[in-house]
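Secondary and tertiary structure notes
Now for the letters of each chain:
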Amino acid sequence: MTLTVDSLRASVESLFLGKRGKGSNRIGAELELIPFDQDTHAPISIVGADTEGSLEVIRRVAERAGWREVSAGEDPPSFTVPGGSALSFEPGGQLELSTPPSSNPSALIRDLRCTAQLLSGAFANAGIELEAVGVDPYNDIADVPLQLHRPRYERMSRFFDSIGDSGAKMMRQTASLQLNIDAGDKPFERWSLLNALAPYVTAIFANSPMYRGEPTGHQSLRSHIWRTLDVTRTGIPINGRNYTDAYLDFALDAQAIMRPDAPYDSFAEWMRQGNPSIEDWQLHLSTLFPEVRPREYFELRSLDAVHPDNLAAPIVFISALVYDDATSHHAAEILSSVNNVTLADAGRYALHNEDIRTVASELVDLSLTGAEKLGNLYIGKPDLEKAALFFDRYTRRGLSPADDWS
């Protein structure tokens, strides 16, 4: 089948049309943690050579907790956790704990925190610290080799290496908290809101100011790394046009990393020169890294990794702003524009930028009010209180977790 722009437009539109209608208020999360030697801060390999690696520690936890090991071929395995969560590895040895979508954010917070704390305790007993930080603050990229070697990662690594070092750092040294949001019955409005929120989420939860033991000038170095790994596939792809067309143009203009038979041209150029399949297109879509990625739900990818004790803050913040209708409308009025300049400022300055701080403070107040409207059965009072404490400690004072490193 020969691909056409019209057929691709239909496939892109389907990315925005997930489970729709009232009651579709689920949220899922993917939390990444980076393991370091407690004494030296050296990176910990997945499979240890002279010292114990992450896999050996996780296998001990899995045996006690009843987790199921799932083979990944020649790469290290993943693990299925009772309740539907999964634990896997990222290319630099980062751990990723992924949850299924939950209709109860408080249950999500509890389960994610408990599993992360179980892992942290086991790793601590092995002399390893699991850190929730946006970028490895201690080591150079040369100290962190690629540890997953399936074709996807090998090809991505070669491509990113050809244009700079941000791609390698992204794959092997960054960690984030990704939140997965239902598309709802007005997906394009929700898409717009989440993209407008992206810079403020970056600023509020910025947590990666250090690299190789030195300040970098970025409160969220992770955000800077992601935005600069390849400008054709990152950022906020909204240009004032129909959202389907805007995202289609974004995808077509992105370089086709997975094209096997030629240098890295855009996917649009591949269509002109060759005959890519629909499977090639779908694989290409999975290599796009905007701040909010549509996948029949929306992946919000703008947060540095958040400490398990602070998970209530981002989950309450996003749930309330997205899922209470009146709160969403008010937030959209506050967020009058969407642009990559604000995103860059958010990563560099976080809440030290007065304009960003002012809007962030308004959004925090709005989110706490919206969370109360959603009711205790959706977001429990203890989590609402923990979120409020986080915002009092950081946001209302013009600070983010990045300031704890100074």
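As a starting point, this report considers the structure included with it. (Residues numbered from 1 in each chain as written. Predicted model: local features only at pLDDT ≥ 70, side-chain atom pairs only at ≥ 80, totals over all residues. Heavy atoms only, no water.)

Overview of the packing of aromatic side chains
Within this structure, the stated rule accounts for 19 aromatic pairs. Here the aromatic rings of Phe 16 and Phe 188 are separated by 5.3 Å at their centres, their planes lie at 35°, and the arrangement is tilted. Here Phe 16 is found in helix α1 (residues 5–16), whereas its partner Phe 188 is found in helix α6 (residues 187–204), with 172 residues between them in sequence. For Phe 188, a relative accessible area of 26% translates into the label partly exposed. Among the aromatic residues, ring-to-ring pairing joins Phe 16, Phe 188, Trp 191, Tyr 243, Tyr 247, Phe 250 and Phe 298 into one connected group. (Phe/Tyr/Trp six-rings, centres within 6.5 Å; stacked < 30°, edge-to-face > 60°. Helix = DSSP H or I, 4+ residues; strand = E, 2+ residues; numbered from the N terminus. Buried < 20%, exposed > 50% of the residue type's maximum accessible area, 1.4 Å probe, protein only.)

Notes on unusual backbone geometry
A negative phi holds for most residues other than glycine; trans holds for most peptide bonds. One non-glycine residue with positive phi stands out, namely His 41, at about 65°. Inspection of the secondary structure assignment puts His 41 in the loop between β1 (27–37) and α2 (54–65). Residue classification places His 41 among the partly exposed positions, given a relative accessible area of 26%. Unusually for a residue other than glycine, Arg 212 sits at a positive phi of about 55°.

Here we look at the pattern of salt bridges
Under the counting rule described, the total for this entry stands at 20 salt bridges. With its nearest N and O atoms 4.0 Å apart, the salt bridge here joins Asp 383 to Arg 113. Of the two residues, Asp 383 is situated in helix α15 (residues 381–393) and Arg 113 in helix α3 (residues 105–125); the sequence distance between them amounts to 270 residues. Assigned by exposure class, Asp 383 and Arg 113 land together as buried. Note that Arg 212 is salt-bridged to Asp 140, the shortest N-O span being 3.0 Å. (Salt bridge = Lys/Arg side-chain N within 4 Å of Asp/Glu carboxyl O.)

Some words on the packing of α3 against helix α11 (residues 312–323)
One can describe the packing of α3 onto α11 by two numbers: an axis separation of 10 Å at closest approach and a directional angle of 160°. Here α3 is positioned roughly antiparallel relative to α11, judged by the angle of their axes. Seen from above, α3 lies across α11 with right-handed handedness. Only Ala 312, Ile 315 and Ser 319 of α11 make contact with α3, whose side of the interface consists of Pro 105, Leu 108 and Ile 109. When its residues are assigned to classes, the contact of α3 with α11 shows five nonpolar, one polar and no charged. (Axes fitted to C-alpha atoms, helices over the stretch in contact; angles between N-to-C directions. Parallel < 35°, antiparallel > 145°, perpendicular 65-115°, else oblique. Left-handed = near helix turned anticlockwise from the far one by under 90°. Contact = heavy atoms within 4.5 Å. Nonpolar A, V, L, I, M, F, W, Y, C, P; charged D, E, K, R; others polar.)

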